[in-house]
Amino acid sequence: MTPSDVLLVETVNGVRTLTLNRPDRLNAANDELLYALTDALKAADADDAVRVVVITGAGRGFCAGQDLGGVSGRDMSFTEHLNATYNPLIRTMRGLGKPVITAVNGVAAGAGASLALAGDLRLWAQGARLIEVFSNIALVPDSGSTWFLPRLVGYSRAFELMALADTVSATEALRLGLCEQVYPDETFLADVQAYAERLAARPANALKLTKQALNAAMTSSLDAALDTEAELQQLAGDHWEHAEGVSAFKEKRAPDFRRDG
Ligand code: T3D
């Protein structure tokens with residue numbers, strides 16, 4: 001993988017951090033950034049040294065959505081563009097066999113809000129905010145917002161946020177269930193790293209299967225979810241991690257899920 005200027009890539013203790021790096025545009029996304037991010041996620045999935053992926057932004061923004069500077073004169077339709085850029089990105093995030101944390105350090109607007117919501121886990125800085133800003137420029141929410149937001153806050157609150165493009169503060173986001181944790185701005189990256197390292201110590205195969213089961217269950221019946229659980233439980237139960245967990249319990253010690261099976 002070749003890191004590019006628009007995306008910074010760093011790995012510490014099994015945590016790969018991907019930093020959107022267009023701070024003077026609040027990390028508004030151009031095609032180069034969107035392709036780089038999708039490629040970097042795929043590379044992280046293929047790298048056994050990576051157990052958790054963090055997506056965050058450089059500077060005071062997380063991501064201000066599509067870079068509006070590059071839209072006019074584009075040689076793709078909106079539909080073609082979404083299908084080529086944002087949609088593969090969101091699908092890659094949700095299909096990744098590893099937990100993806102969106103570490104929302106600042107404003108998340110438009111497709112940047114969708115990106116923030118698409119994380120398996122969403123950690124926010126106290127100064128972060130989310131705006132479903134699309135209607136300000138008379139567009140439809142995209143990049144997964146119409147799927148994620150109503151599942152988190154219900155149909156009417158989602159419509160209200162989309163129709164009025166109101167700003168959601170971190171405190172409100174925590175109350176609404178748009179994020180799992182809020183950390184002080186000053187210690188945010190260290191807090192995210194500590195959280196991600198806790199996750200990295202958990203059983204990677206079991207988390208991969210859990211993510212698979214949850215994503216399937218989001219759109220399935222109870223019957224189908226029960227079938228999927230039974231099938232995936234076999235894969236988990238056959239894995240060395242399960243034997244290690246049971247041994248550790250019996251031996252009254254902490255399990256070591258990071259050793260090579
Ligand atoms: O395929 C397709 O193209 C369809 C896909 C659409 C997906 C979308 O994301 S549509 C929505 C696009 N995003 C927006 O409409 C957001 C526009 N930005 C804002 O509304 C505000 O900037 C924010 C609410 C995000 C933040 O406000 P504030 O006051 O904190 O910052 P600012 O001063 O407005 O922005 C700082 C700089 O970033 C500024 O540049 P300057 O004046 O210092 O040179 C601003 O122009 C630039 N910037 C912010 N957002 C974008 C941007 N530049 C390009 N594109 C942006 N989206």
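Residues numbered from 1 in each chain as written. Predicted model: local features only at pLDDT ≥ 70, side-chain atom pairs only at ≥ 80, totals over all residues.

Trainee: Describe the overall build of the protein chain, and please don't skip the residues or the numbers.
Mentor: From N to C terminus, the protein chain includes 11 helices and 10 strands. In terms of C-alpha radius of gyration, the protein chain reaches 19 Å, essentially the compact-globule figure of 18 Å for 261 residues. Once the C-alpha set of the protein chain is aligned to its principal axes, its extents read approximately 60 × 40 × 35 Å. The burial tally for the protein chain puts 38% of its 261 residues in the buried class. The long-range share in the protein chain, meaning contacts at least 24 apart out of those at least 6 apart in sequence, stands at 71%. (Helix = DSSP H or I, 4+ residues; strand = E, 2+ residues; numbered from the N terminus. Rg over C-alpha atoms; globule rule 2.2 N^0.38 Å. Buried ≥ 20, exposed ≤ 12 C-beta atoms within 10 Å, placed from the backbone. Contact = placed C-beta atoms within 7 Å.)

Trainee: Give a description of helix H10 (residues 222–237) that names residues and reports values.
Mentor: Between its terminal C-alpha atoms H10 stretches 22 Å, which fits the 22 Å expected from 16 residues at 1.5 Å a residue. Counting buried positions along H10 gives zero out of 16 residues, so the element sits mostly on the surface. (Expected span 1.5 Å × (residues − 1).)

Trainee: Describe the sheet that holds strand S10 (residues 181–183), listing the residues and the values that go with them.
Mentor: If you walk across this open sheet you meet the six strands as S1-S2-S3-S5-S7-S10, and the pairing is mixed. Bordering the open sheet on either side are strand S1 (7–12) and S10, each of which pairs with just one other strand. Along the sheet, successive strands turn relative to each other by an average axial angle of 20°, direction set aside. Note: S1 against strand S2 (residues 15–20), six bridges, orientation antiparallel. From the neighbouring strand, Leu-7 faces S2, where its bridge partner is Leu-20. Lying on the sheet, helix H1 (residues 31–46) is in contact with S1, S2 and strand S3 (52–57); it crosses S1 at an angle near 20°. (Pairing = 2+ DSSP bridges. Axes fitted to C-alpha atoms, helices over the stretch in contact; angles between N-to-C directions.)

Trainee: Residue-level account of the domain arrangement of the protein chain, with values.
Mentor: Along its sequence, the protein chain is carved into domain 1 (7–200) and domain 2 (204–250). Opposite the six residues of domain 1 that make contact, domain 2 presents five residues. Partitioning the side of domain 1 that touches domain 2 into residue classes produces one nonpolar, one polar and four charged. (Domains from an automatic or database assignment. Nonpolar A, V, L, I, M, F, W, Y, C, P; charged D, E, K, R; others polar.)

Trainee: Kindly report on the site of the ligand, identifying the contributing residues and their values.
Mentor: Around the ligand sit 24 residues in total, of which Ala-28, Ala-64, Gly-65, Gly-110 and Ala-111 are the nearest. Among the elements of the structure, helix H2 (78–84) and strand S6 (107–109) are those that each provide at least two residues to the shell around the ligand. Broken down by element, the shell around the ligand gets its largest block of residues, three residues, from H2. A breakdown of the residues in the shell around the ligand according to their chemical character gives 15 nonpolar, six polar and three charged. (Near = placed C-beta within 6 Å.)

Trainee: I'd love a proper account of the pairing of strand S7 (residues 121–125), names of residues and values included.
Mentor: Counting buried positions along S7 yields four of five residues, so the element is predominantly enclosed. Examined bridge by bridge, strand S5 (residues 100–104) and S7 share four bridges and lie parallel to one another. The partner of Ile-101 across the bridge, within S7, is Leu-121. Alignment of S7 against S10, held across three bridges, turns out to be parallel.

Trainee: Explain the sheet that holds strand S4 (residues 61–63) residue by residue, including any values.
Mentor: Spatial ordering of the open sheet is given by S4-S6-S8-S9, a layout of four strands whose pairing is mixed. Both outer strands of the open sheet, S4 and strand S9 (167–169), are each paired with one neighbouring strand and no more. The sheet shows a mean angle of 20° between the axes of neighbouring strands, taken without regard to direction. Pairing between S6 and strand S8 (residues 129–131): three bridges, direction parallel. Each bridged residue has a counterpart across the sheet, and for Ala-108 the counterpart in S8 is Leu-130.

Trainee: Residues and numbers for the nonpolar core, please.
Mentor: Ranked by size, the top nonpolar core spans 64 residues in total, and within it Leu-37, Val-54, Val-104, Ala-108 and Trp-124 carry the most contacts. If we skip the residues at most four places from it in the chain, Val-54 touches Val-15, Thr-17, Leu-18, Ile-101, Ala-103, Val-192 and Ala-196. (Core = buried A, V, L, I, M, F, W, Y, C linked by C-beta atoms within 7 Å.)

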